[in-house]
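Descriptive structure summary
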Amino acid sequence: TKWVYSFGDGRAEGRASDRNLLGGKGANLAEMCNLGLPVPPGFTITTELCAHYYANGRAYPPELVTQVEEALEEVGRIAGRRFGDPQRLLLVSVRSGARASMPGMMDTVLNLGLNDETVEALAADSGDARFAYDSYRRFIQMYSDVVLGLDHEVFEEILADEKARLGYDVDTEFSAADWLHVIALYKERVESELGEPFPQDPRQQLWGAIGAVFSSWMNPRAVTYRRLHNIPEEWGTAVNVQAMVFGNMGETSATGVAFTRNPSTGEKALYGEFLVNAQGEDVVAGIRTPQSLTEAARLEAGSHKPSLEKVMPEAFATFVEIAGKLEAHYRDMQDLEFTIERGKLWMLQTRAGKRTTKAALKIAVDMANEGLISREEAVCRIDPASLDQLLHPTIDPDAARDMIASGLPASPGAATGGIVFSSDEAEEMKGRGEKVILVRVETSPEDIHGMHAAEGILTTRGGMTSHAAVVARGMGKPCVSGAGTLRVDYRAGTMTALGRTFRKGDVVTIDGSTGQVLAGAVPMQQPALSGDFSAIMEWADAARRMKVRANAETPVDARTARSFGAEGIGLCRTEHMFFDDERILAMREMILSDTEEERRAALAKLLPMQRADFVELFEIMAGLPVTIRLLDPPLHEFLPKTEEEIGEVAAAMGVDAERLRQRTEALHEFNPMLGHRGCRLAVCYPEIAEMQARAVFEAAIEAAASTGEPVVPEIMVPLVGMASELSFVKGLIEGVAKTVLDEAGVKIDYLVGTMIELPRAALNAGEIAREAEFFSFGTNDLTQTTFGISRDDAASFLEVYRKKGIIEQDPFVSIDVEGVGALVRLAAEKGRARRGAMKLGICGEHGGDPASISFCEDVGLDYISCSPFRVPIARLAAAQAAC
Ligand code: ADP
Ligand code: MG
Ligand code: MG
């Protein structure tokens, strides 16, 4: 087997597309060689060897030694040197490089091959003893740290002591003799710590470093990183061995990093930093303050330290040319590493540069406009989930700010609400239609429901990766964490700041983009999306097949959805319309009614309110489809729960508390999710569905008149398992339609369809499609009922399942393609087989998840529907799915 691939001198055995075999770094080094760029020669030991190594009890195949020796010989030939030969000294770096860039792997070892003898050769060779000893002491430090496992602080200490003793400020003040002394101290320390002298044999050093790279694949940091990023263990890492070039050979040498475009703004300008007389790691390590590459950047930063453009104009010019060439070749913004050795430029790495969302949008749009990539490619370059950061409201910059504290900007966007100190309170107040900010010292997994209920989260302790921050970002909720000057007293129910005391319900505003906490409500601006964002969205719209609708029932949500480009409402949950004060009263009257007559009387009160809601929605969505779902939750959700609440509600309604209690008890269910809900309500209480249908048709007539656009309501019956259920409810709806339309003397088109959210419905979708004019996949319930897992109870074990590798993804977040997805596919096929072009959509939470959206495209759904803020994400993901 070929385990080793050489590169150098304008040729390479590998290329960029060999990333799986050679790792990202190795493949790109090979590619740069093939492009004829100046790259120090070297070779890559493949990722396959890593797999072999672990499959064989951490042993190498016998032929590896020969292959490495041959490659090393070749490197020496190109460099005009020989590894281990003091006369023609060749030093190398040993660099790890997996397929995906992976922090947590072994750090790079530079200057390998130095020992007490060769260091003298390096000194003689370069004519610079100071440089030679500096390189050697770096090597001892790095090698001992990453290969021998000796903490680098040991060396930092020695260095700091020497610096202090000699009265130096910076490392560059050390003379050759000083470094020689440091080297002696380092070696002594290694021997006393490890009981063995520092390895002097270059080959022993090399194999030590190679072994350390392969072993680091399994170190705990790397294992954790892989688990978090779903990187399979089988991938393995490659090892790159490369001839050293020296950025620390005096004032005409330098090392630096660059991006071909600005990674935070996307601006088309070379952006980067360098240090004169330094080696690779120094730039990132922040040992000295680096200098700007270009004069323009230097001026902008107001720095007096000269730019590379100024100090090494020739090497700079070559670098600019190479950077341009690489960007054009890879057709993407590149992140580059380079070193200048005595005026000669060497390239050490290139890869696609990481960037902010804003920069990603600008770069993609610019590159498409430059003709470097197609519009479709531009669309595919943006991670849909990353748009989330751009889509949140912000505080009006002109607003007066009464700042009471500041913390970390843990999750973007601003939010206003009354403060609450527990998650239960948050949920309760939200249930009453109030907006709340959850204030905690810190949050834990028990707070998830409160975080869901809150508009924003404020903690007094914890950083950017605290529980609150991570979860809030995941939910797309604003969060300020670690606002340390705030004092929260749970027992007293107060929050104090700057001598002011805030109690439960007092309104504050948090700005998760700046970390500010403000007293009171502050005017907000809806997100202003840049021209680049609109351009990408436009191109995405041109590329996608599926329509994108929103799940919305309030006018605010509907307007937000439209402003984000929703093409209709895919799910209007009518029960949400019954929670407000006046309505819940009528709702409770209805529920407490003993006779149909009483029930109808209570429903008559709800009718005008419900109708007005629908009129508004139809008007906002003028000309676009609106799907309205009949009442879905079990009725007891509208009733008071605690003894205390029962008393209050009974008094407010003027009914006997005992009667209310009995009714509440009678409606109690052991498993409400599988209880008296969905179309089962319409079957038992047809008058509820009839009232809702009447409200829909009357509203449609009114809105059609006011907007001049035809309204085609889509009425959706939830939780249907049998065609006969749907047939019964559809009969009710048709009856109402006839009555209302006859009364008004108009004709409107409407559709009656169903949600597919029970396995039985999916299995019998053909039968159901006889009645249903459309299907909407309710994948939240379908996931619950397919797995037999309740979403509200799943958190406690799903995480364990994930950790133990039993499931990869939470099926409530990303659709379970094999199970739930199979039912969706089956139902779609059966439905279409029965009723040709019936409209198919999805309205579960999955409608906003890019992976699930790709599945929907695959199945051929007509539209996806998601929460308003996810509409742009869904538009982009739908386009990518179609590309
Ligand atoms: P990382 O993945 O952490 O960037 P690298 O392998 O790229 O690790 O190397 C770390 C630093 O060492 C970089 O600045 C790189 O440019 C530098 N470096 C690596 N190999 C050599 C070499 N052969 N000669 C000079 N500098 C090198
Ligand atoms: Mg690097
Ligand atoms: Mg449902």
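Rules of the game
Residues numbered from 1 in each chain as written. Chains lettered and ligands numbered in written order. Predicted model: local features only at pLDDT ≥ 70, side-chain atom pairs only at ≥ 80, totals over all residues. Core = buried A, V, L, I, M, F, W, Y, C linked by C-beta atoms within 7 Å. Buried ≥ 20, exposed ≤ 12 C-beta atoms within 10 Å, placed from the backbone. Helix = DSSP H or I, 4+ residues; strand = E, 2+ residues; numbered from the N terminus. Contact = placed C-beta atoms within 7 Å. Near = placed C-beta within 6 Å. Nonpolar A, V, L, I, M, F, W, Y, C, P; charged D, E, K, R; others polar. Domains from an automatic or database assignment. Arc of directions from axis to C-beta. Pairing = 2+ DSSP bridges. Axes fitted to C-alpha atoms, helices over the stretch in contact; angles between N-to-C directions. Parallel < 35°, antiparallel > 145°, perpendicular 65-115°, else oblique. Left-handed = near helix turned anticlockwise from the far one by under 90°. pLDDT = per-residue confidence, 0-100. Expected span 1.5 Å × (residues − 1).

**Points about the nonpolar core**
- Residues A364, I536, F618 and I864 are the most contacted members of the largest nonpolar core, which totals 220 residues.
- Ranked by the residues each element gives to this core, the list is headed by helix 26 (residues 686-707), at eleven residues.
- Residues in contact with I864, not counting those within four places in the same chain, are M546, V548, G841, I842, G847, I853, C856, A874 and A878.
- F421, A453, V488 and V522 belong to the second-largest nonpolar core, a separate cluster that totals 37 residues.

**Side note on the site of ligand 1**
- Taken together, 15 residues surround ligand 1, and among them S93, R95, T108, G280 and L348 come closest.
- Going through the elements one at a time, strand 6 (92-98), strand 8 (237-243), strand 12 (334-341) and strand 13 (344-352) are the ones with two or more residues in the shell around ligand 1.
- For the shell around ligand 1, the class distribution of residues is six nonpolar, six polar and three charged.
- Each of domain 1 (4-243) and domain 2 (254-372) contributes no fewer than three residues to the shell around ligand 1.

**What to know about helix 2 (residues 47-55)**
- Among the residues of helix 2, T47, L49, C50 and Y53 are the ones counted as buried. Seen end-on, helix 2 carries its buried residues on one side only, within an arc spanning 150°.
- Where helix 2 is buried, its residues contact helix 1 (19-34), strand 3 (42-45), helix 3 (63-79), helix 8 (202-216) and strand 8.
- Trailing helix 2 by a residue or two, G57 shows a phi angle of about 55°, which is positive.

**What to know about the sheet that holds strand 7 (residues 109-112)**
- With antiparallel pairing, six strands are arranged side by side in an open sheet as 2-1-3-8-6-7. The sheet terminates laterally at strand 2 (11-12) and strand 7, the two strands that pair on one side only.
- Two strands pair when backbone bridges link them, and strand 3 and strand 8 are joined in this way by four bridges, in the antiparallel orientation. Residue pairing across strands places F43 opposite V241, the latter belonging to strand 8.

**Regarding the sheet that holds strand 25 (residues 516-519)**
- Sheet architecture is open: eight strands sit in the order 15-25-24-17-18-19-20-16, paired in mixed fashion. Sheet topology places strand 15 (403-406) and strand 16 (408-411) at the edges, where each strand pairs with a single neighbour. On average, each strand axis in the sheet is inclined to that of its neighbour by 30°, with strand direction left out of account.
- When strand 17 (residues 414-420) meets strand 18 (residues 436-440), the two strands line up parallel, connected through three bridges. Bridged to G418 within strand 18 is V436.
- Along the sheet, helix 16 (residues 423-431) makes contact with strand 17 and strand 18, crossing strand 18 at roughly 175°.

**Focus: unusual backbone geometry**
- Of note in the backbone geometry, N277 takes a positive phi value of approximately 50° without being a glycine.
- Locating N277 in the fold gives a position in the loop between strand 10 (271-276) and helix 10 (281-285).
- For N277, a count of 19 C-beta atoms within 10 Å gives the class partly exposed.
- With phi around 55°, R331 is a residue other than glycine that occupies positive phi space.

**Quick notes on the domain arrangement of the protein**
- Split into domains, the protein comes out as domain 1 (4-243), domain 2 (254-372), domain 3 (389-525) and domain 4 (757-883).
- Taking only C-alpha atoms into account, the centre of domain 1 sits 48 Å from that of domain 3.

**Side note on the pairing of strand 8**
- Burial within strand 8 is extensive, with seven of its seven residues counted as buried.
- Neither face of strand 8 is exposed, since T237, V239, V241 and A243 on one face and A238, N240 and Q242 on the opposite face are all buried.
- When strand 6 meets strand 8, the two strands line up antiparallel, connected through seven bridges. Each bridged residue has a counterpart across the sheet, and for G97 the counterpart in strand 8 is A238.

**A closer look at the packing of helix 26 against helix 27 (residues 723-744)**
- The interhelical angle for the contact between helix 26 and helix 27, taken along N-to-C directions, is 40°, at an axis separation of 9 Å. In terms of axis orientation, helix 26 runs oblique to helix 27. With respect to the hand of their crossing, helix 26 and helix 27 are arranged in right-handed fashion. Between helix 26 and helix 27, the residues in contact are P686, A689, E690, A693, R694, F697, E698 and I701 and V729, L732, I733, V736, A737, V740, L741 and A744, respectively.
- Classifying every residue of the contact of helix 26 with helix 27 gives 13 nonpolar, no polar and three charged.

**Description of the confidence of the model for the protein**
- Considering every residue of the protein, the mean pLDDT works out to 92; 98% of them sit at 70 or more.
- Two numbers describe this predicted complex: its pTM, 0.82, and its ipTM, 0.95.

**Observations concerning the environment of E553**
- Along the polypeptide, E553 turns up in the loop between strand 27 (547-551) and helix 20 (555-563).
- Separated by 40 residues in the primary sequence, E553 and S593 place their C-alpha atoms 27 Å from one another.
- Among residues more than four places away in sequence, those in contact with E553 are C572, R573, H576 and M577.

**Here we look at the environment of R381**
- Mapped onto the elements of the fold, R381 is located in the loop between helix 15 (375-380) and strand 14 (394-395).
- Between the C-alpha atoms of R381 and Q880, which are 499 residues apart in sequence, the distance is 9.1 Å.
- Once residues within four sequence positions are removed from consideration, R381 is found in contact with A360 and A364.

**Points about helix 34 (residues 871-882)**
- Under the 1.5 Å per step criterion, the end-to-end length of helix 34 is 16 Å for twelve residues, consistent within 8% with the ideal 16 Å.
- Of all the twelve residues making up helix 34, eleven are buried; the element is thus mostly covered by neighbouring parts of the structure.
- Residues V871, P872, I873, A874, R875, L876, A877, A878, A879, Q880 and A881 constitute the buried set of helix 34.
- Of the surrounding elements, those touching the buried residues of helix 34 are helix 15, helix 19 (531-543), strand 27, helix 20, helix 33 (850-859) and strand 34 (863-866).

**Considering the pairing of strand 22 (residues 494-497)**
- Where strand 21 (residues 487-489) lies against strand 22, three bridges are found, and the strand directions are antiparallel. Within the sheet, the bridge partner assigned to R487 lies in strand 22 and is T496.
- Taking the residues between adjacent antiparallel strands as the criterion, strand 21 and strand 22 are bridged by four residues, where G493 takes a positive phi near 65°.
- The sheet contact formed by strand 22 and strand 23 (residues 500-503) spans four bridges and is antiparallel. Looking at the pairing, T496 lines up with T501 of strand 23.
- Where strand 22 folds back onto strand 23 in an antiparallel hairpin, the turn is made up of two residues, including L498, whose phi is positive at roughly 50°.

**Comments concerning the packing of helix 22 (residues 596-620) against helix 26**
- Relative to each other, helix 22 and helix 26 sit at 30°, their axes nearing to 7 Å. Judged on the interaxial angle alone, helix 26 and helix 22 are roughly parallel. Pair helix 22 / helix 26 crosses with right-handed handedness.
- For the contact of helix 22 with helix 26, the residue count by class is 13 nonpolar, four polar and nine charged.

**Section: the environment of M105**
- Here M105 lies in the loop between strand 6 and strand 7.
- Residue M105 is classed as buried on the basis of its 20 C-beta neighbours within 10 Å.
- In sequence terms M105 and W217 are 112 residues apart; their C-alpha atoms lie 6.2 Å from each other.

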